[in-house]
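Analysis of the macromolecular model
Below, each chain spelled out in residue letters.
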Amino acid sequence: MSTPASEVYTVAGEDRARNGLRWAATFVLGLFDAGSDAPSVSEVVIRRIDGSEVRRLPAGDVDAFTAQLNEITRDLSTMDAVPFAEKWVAERG
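Residues numbered from 1 in each chain as written. Predicted model: local features only at pLDDT ≥ 70, side-chain atom pairs only at ≥ 80, totals over all residues. Heavy atoms only, no water.

**Looking at the nonpolar core**
Side chains of a nonpolar character, in soluble globular proteins, are inclined to be buried together. To keep things clear, this is the line we draw: To define a nonpolar core, start from buried Ala, Val, Leu, Ile, Met, Phe, Trp, Tyr and Cys residues and group those joined through side-chain atoms within 4.5 Å. Exposure is judged per residue with a 1.4 Å probe applied to protein chains only, and the accessible area is read against the type maximum: over 50% gives exposed, under 20% gives buried, and values in between give partly exposed. Per the convention used, a helix needs a DSSP run of H or I reaching at least four residues, while a strand needs a run of E reaching at least two, with both numbered from the N terminus.
Residues Tyr9, Val11, Val44, Ile46, Ile72, Phe84 and Val89 are the most contacted members of the largest nonpolar core, which totals 16 residues. Broken down by secondary-structure element, the contributors of at least two residues to this core are strand E1 (9–15), strand E2 (42–48), helix H2 (62–78) and helix H3 (81–89). The element contributing the most residues to this core is H3, with five residues.

Below, the structure written as structure tokens:
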């Protein structure tokens, strides 16, 4: 019997630690209309339903953050827990 990933995991964008420099860089790049190249000030974090963190994915630029968060959110609603964990939670070599 399969368990939907959404019954085991949650995903959210969370502020990165020590964001001061990233906020400043994002702001400055925004002034030059380079928004997609601006560093993301958030990270994608996957947690179990109980709130325990299972994976914090490396942040990239703003567009990469948005694409990754959207893909994981989509996978949460369409995948079973085991394939979801194999794709997003397991360490990649």
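**Describing the pattern of salt bridges**
Which entries qualify depends on this criterion: In what follows, salt bridge is the name for a side-chain nitrogen of Lys or Arg lying within 4 Å of a carboxyl oxygen of Asp or Glu.
Within this structure, the stated rule accounts for seven salt bridges. Here glutamate 14 ties to arginine 47 by a salt bridge, and the two come within 3.0 Å at their closest N and O atoms. Of this pair, glutamate 14 sits in strand E1 while arginine 47 sits in strand E2, placing them 33 residues apart in sequence. For arginine 47, a relative accessible area of 22% gives the class partly exposed. As a salt-bridge pair, arginine 56 and glutamate 14 come within 3.3 Å of each other at their nearest N and O atoms. Taken together, the residues span a long stretch of sequence, with arginine 56 in strand E3 (residues 53–56) and glutamate 14 in strand E1 at a distance of 42 residues. For arginine 56, a relative accessible area of 32% corresponds to the partly exposed category.

All we've got here are geometric facts, nothing functional implied.
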